[in-house]
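The residues making up each chain are set out below.
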Amino acid sequence: MPLRSVSRRAAAFGYGPNGAIFEIADPLPEPFWAHPANAWSPLIRSTIPGLDNVWLKYEGSHLSGSFKDRIMRASIAEILARDPDCPGVVVPSSGNAAVSAAALCAPRGLTMVAIVPDVVPVERLRPILARGGIVIRAGEGPSQSYALADRLSEQLGFARLYSTFASPWAEWGCRSLGREIASQMQGEVTQLISPVSAGPVLLGAANGLREAGRNVPPLVAVQAAGCAPIARAFFEGANHVTPWTDPVDTKAAAIADRLDGYAQDGTLVLDRVRQSGGSVAAVSDDQLAAARAALLKHDGIDAEFSACAGVAHLMAHPDLARSGTVCIITASGFKHTFAGDAPAADLDPVALEKVQHFLTATGTGTLLE
């Protein structure tokens, strides 16, 4: 896999010759990961049956509700440092990156245009509009959004704010995950698991662990079975990832990326996973739904459907949930829940009966069904 190490100063948007990916050699500066009081997101020990050895790095606590804030914080800072008069940014996104960009552009008065696939529910777009972002619907998935963003950014003279490896600041910004995990974990991280679309979140977290002086553990990249180009290459023993040409058949829009036009991103993830002694997995939508319900019921965590991929994989293979496992939950599920898309939990029948008896006897209210 063509990979070129560059300094922070020399880093620039885009790929090199033969699709080479640029990786920033300089460590992530402390302000990007060392919060003055606490870590940017909590590390929570799971109580899901069979997963009691697993630590959950819950990224829903960010300003926008997803790990994309790490990417956008670093990327916007670098863009504005180089061009203080930048007129605006273009963000291709399936939802999270655009919400994050809108949240971080708003206080800077920076114009932001988001390009999102047609299938993204309107509930995920309202937080962008409410923050002053301009939203364009176009195409089936992320690959088409990126293609249009390239054309629009050139036409408007706007900076490209991407969360693939085309932007060297995407992986660089995600190193804060590893830096935080290193400070939060008492023992060794024995396995690092994450949902993966293009892959900067997993590789960035691994590089952050390395920067913190920790060993890089086996990495596990988890995709949705309905669009899993990296997992397919891993299962087939291929050396290169090719774009997904089958129909996209999953609700996990945030990780359903065909990688059409930038399959080298997937190849880099494939290589790094294999080098670490890890693996790539694919989970079904039913498994994702079960994981989301389990996170709510047992850990009180409302996670985005796509963000549950790592937990879904561990629930399907509890023998992999060994001590020291860290599973990244990439985003909050508030966009689903506020839209009425949330699993129903089993309520305590004894308490429920007592409450119903009290309400009937006093006539003071009714139960929400």
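The structure this text deals with has already been given above.
Residues numbered from 1 in each chain as written. Predicted model: local features only at pLDDT ≥ 70, side-chain atom pairs only at ≥ 80, totals over all residues. Heavy atoms only, no water.

**Q** Account for the overall build of the protein chain, with residues named and values stated.
**A** Along the backbone of the protein chain there are 12 helices and 12 strands. At 21 Å, the protein chain has a C-alpha radius of gyration in line with the 21 Å of a compact globule built from 369 residues. C-alpha extents for the protein chain along the principal axes are approximately 75 × 45 × 45 Å. Of the accessible surface of the protein chain, which amounts to about 15,500 Å², a share of 53% is contributed by carbon and sulfur atoms. The average position of the 30 basic charges and that of the 36 acidic charges among the side chains of the protein chain differ by 5 Å. (Helix = DSSP H or I, 4+ residues; strand = E, 2+ residues; numbered from the N terminus. Rg over C-alpha atoms; globule rule 2.2 N^0.38 Å. Areas by Shrake-Rupley, 256 points an atom, 1.4 Å probe, with all protein chains shown as cover. Lys, Arg positive; Asp, Glu negative; His and termini not counted. Charge placed at Lys NZ, Arg CZ, Asp CG, Glu CD.)

**Q** Please set out the pattern of salt bridges residue by residue, giving values where relevant.
**A** Inspection of the entire model under this criterion finds 11 salt bridges. A salt bridge links K57 to E180; the nearest nitrogen and oxygen atoms lie 2.7 Å apart. Of this pair, K57 sits in strand β4 (residues 54–58) while E180 sits in helix α5 (residues 168–184); the two residues are 123 residues apart in sequence, bridging distant segments of the chain. Between R175 and E171 there is a salt bridge, with the nearest N and O atoms lying 2.7 Å from each other. You can see R175 and its partner E171 sitting in helix α5, 4 residues apart, about one turn around the helix. Residue E171 is classed as buried on the basis of its relative accessible area of 3%. Within this structure, K57, E59, R70 and E180 form a network of salt bridges that share partners. (Salt bridge = Lys/Arg side-chain N within 4 Å of Asp/Glu carboxyl O. Buried < 20%, exposed > 50% of the residue type's maximum accessible area, 1.4 Å probe, protein only.)

**Q** Could you give me a rundown of the pairing of strand β7 (residues 134–137), with the residues and numbers involved?
**A** Direction of pairing for strand β6 (residues 111–116) relative to β7: parallel, over a ladder of 4 bridges. Considered in β7, the bridge of V116 is made with R137. Remark: the β6/helix α3 (residues 122–130)/β7 crossover connection has right-handed handedness. (Pairing = 2+ DSSP bridges. Right-handed = clockwise from strand over helix to strand, strands pointing away.)

**Q** Kindly report on the sheet that holds strand β11 (residues 279–283), identifying the contributing residues and their values.
**A** Sheets are built from strands that pair by backbone hydrogen bonding, the pairs being arranged parallel or antiparallel. One open sheet holds the 6 strands; their spatial order is β3-β4-β12-β9-β10-β11, and the pairing between them is mixed. Every interior strand has two partners, whereas the edge strands, β3 (43–45) and β11, have only one. Mean inter-strand twist for the sheet, computed between neighbouring axes without regard to direction, equals 25°. Sheet topology note: the strand β10 (residues 219–224)/β11 ladder contains 5 bridges and is parallel. Following the sheet pairing, Q223 is matched in β11 by A282. Contacts from helix α9 (residues 285–299) reach β3, β4, β11 and β12 (325–329) within the one sheet, and its direction differs from that of β11 by about 95°. (Axes fitted to C-alpha atoms, helices over the stretch in contact; angles between N-to-C directions. Contact = heavy atoms within 4.5 Å.)

**Q** Outline unusual backbone geometry, supporting the account with residue identities and numerical values.
**A** Positioned with a positive phi, N18 is a non-glycine residue whose angle comes to about 60°. Positioned with a positive phi, L259 is a non-glycine residue whose angle comes to about 60°. Take L259: it is sitting in the loop between α7 (229–236) and α8 (263–276). Judged by its relative accessible area of 0%, L259 is buried.

**Q** Break down the packing of helix α6 (residues 200–211) against α8 for me, with residues and values.
**A** α8 packs onto α6 with a crossing angle of 45° between their chain directions and a minimal axis gap of 10 Å. In terms of axis orientation, α6 runs oblique to α8. At the point where α6 passes α8, the crossing takes the left-handed sense. Taken together, the residues of α8 that come into contact with α6 (itself represented by L202, L203 and N207) are L268, V269, R272 and V273. Of the residues in the contact of α6 with α8, the class split is 5 nonpolar, 1 polar and 1 charged. (Parallel < 35°, antiparallel > 145°, perpendicular 65-115°, else oblique. Left-handed = near helix turned anticlockwise from the far one by under 90°. Nonpolar A, V, L, I, M, F, W, Y, C, P; charged D, E, K, R; others polar.)

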